[in-house]
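Reading the structure
Each chain, written out:
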Amino acid sequence: MNTQHLQYVVEIERTRSISQAAENLFIGQPNLSRILHDLEKTLGFRIFERTSRGVRPTERGAKFLLHARGVLREMEYIEALGPRHAVRSRLRVCLPRSARLFDLAAEYLASLTSSGELEVTIRECHARQALQMLTVGEAELGVLRFRSEYLDYFDEQTAEREFSFQVLGRFKYELVLPRDHPLARRETIRMEDLAEYPQIIHGDAQRPRVRTEDSACRTIYTVDRMAQLQLLQTIWGVYTWLPPMPEQYLQRWGLIQKPCEDNSVVYQDALVYNPQYAMTDIEAGFVQYVIREYRK
């Protein structure tokens, strides 16, 4: 048994198909079936059982796969301790869901004058996911967004990994409303004013919420930006929370953004990367561009 065998069975589990796993792994199905058979013989139990919908783990197989995934994760951590080799034409970055940051990324990419090869991967993820990707080498740069009370936690987490951790800015989420919303012309909006209106909540977001007895029927969960914008234009009285948005977006979609007087939750954005990693010109340029724009 070796780690390659573990990768094989984890791929079979993921696809629920030996033939599909073989195709994804670029090996012949008979070879993969033989490897699986030999592995099960070594272990003394079957990892998978066949069903009308493909294969699924047996009870003992599920436990084995749990440990197999753990071993593979630990191997990734070990490999990430070594030097990473920069790829000249590549930019891999983790960002929070932010119109401003994606604007910065788009503007930076548009400013690149080279017509050569360019491979860009931008992942939208929360702060802990970004740390994980940076740790295992799936990204080289990241911007973490977190509530200010967790500053010490993320400072410690990045220090343990020997990452550079630089706070870019602080801000509060603000209300985004259609221009014809009943609260749109209010000079001052408080949390209690929102209780009777439906709220759009991002699927993995933790924003200020107004709790009422029927709050379950006053919240709409969605992760798609276009869906959120469409809901803001379609449902009467709806609102959502977003960080300060560029004015052109608000005008384009007929929205306004207003602060909530008693919202005390402060967020921070922080730039994170491994200082031991030798950045390419593209990566270093992106870092400098983001820092410069946040200082404006």
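Residues numbered from 1 in each chain as written. Predicted model: local features only at pLDDT ≥ 70, side-chain atom pairs only at ≥ 80, totals over all residues. Heavy atoms only, no water.

Quick word on the environment of Gln7
Under the convention used in this document: For the purposes of this entry, the term helix denotes a DSSP run of H or I that reaches at least four residues, the term strand denotes a run of E that reaches at least two, and both are numbered from the N terminus.
With respect to the element layout, Gln7 can be found in helix H1 (residues 3-15). Spatially, the C-alpha atom of Gln7 lies 9.2 Å from that of Leu25, the residues being 18 residues apart in sequence.

Things to note about helix H8 (residues 225-234)
Quick note on the threshold: Relative accessibility thresholds used throughout: buried, under 20% of the residue-type maximum; exposed, over 50%; partly exposed, between the two (1.4 Å probe, protein chains only). Taken from the helix axis, the directions to the C-beta atoms give the arc we talk about. Contacts are assigned to residue pairs with any non-hydrogen atoms lying within 4.5 Å of each other. Here a polar contact is taken to be a pair of N or O atoms separated by no more than 3.5 Å, where protein atoms must pair a possible hydrogen donor with a possible acceptor and residues adjacent in sequence count only if both atoms sit in side chains.
Taken as a whole, H8 has its buried residues at Gln228, Leu229 and Leu232. The arc that holds the buried residues of H8, viewed along the axis, is 95°, so those residues lie on one side. Elements that come into contact with the buried residues of H8 comprise strand S7 (174-178), strand S8 (199-202), strand S9 (219-222), strand S10 (239-242) and strand S11 (255-258). The opening residue of H8 is Asp224, an N-cap whose side-chain oxygen sits 3.1 Å from the backbone nitrogen of Met226.

Considering the packing of helix H6 (residues 127-136) against helix H7 (residues 151-160)
In plain terms, the rule: Axis definition: a line fitted to C-alpha atoms, over the contacting stretch in the case of helices. Angles run 0 to 180 degrees between N-to-C directions. For classification purposes, angles smaller than 35 degrees are called roughly parallel, those larger than 145 roughly antiparallel, those between 65 and 115 roughly perpendicular, and all remaining angles oblique. Any residue that is not Ala, Val, Leu, Ile, Met, Phe, Trp, Tyr, Cys, Pro, Asp, Glu, Lys or Arg is counted as polar, Gly included; the first ten are nonpolar and the last four charged.
Here H6 crosses H7 at 10°, and the two axes come no closer than 11 Å. What the angle tells us is that H6 and H7 run roughly parallel. Here Ala127, Arg128 and Leu131 of H6 lie close against H7, whose contacting residues are Tyr153, Phe154, Gln157 and Thr158. Considering only residue class, the contact of H6 with H7 consists of 4 nonpolar, 2 polar and 1 charged.

Re the sheet that holds strand S6 (residues 164-171)
Put simply, the test is: DSSP bridges decide pairing: two strands pair if at least two such bridges lie between them.
Pairing is mixed in the open sheet, where 5 strands are placed in the order S4-S3-S5-S12-S6. The sheet is open, and its two borders are formed by strand S4 (119-124) and S6, each paired with just one other strand. The average angle at which neighbouring strand axes cross in this sheet is 15°, direction not considered. When strand S5 (residues 141-147) meets strand S12 (residues 267-273), the two strands line up antiparallel, connected through 7 bridges. Its bridge partner lying in S12, Arg145 is registered against Asp269. Contacts from helix H10 (residues 281-295) reach strand S3 (90-95), S5, S6 and S12, with the element oriented near 30° to S6.

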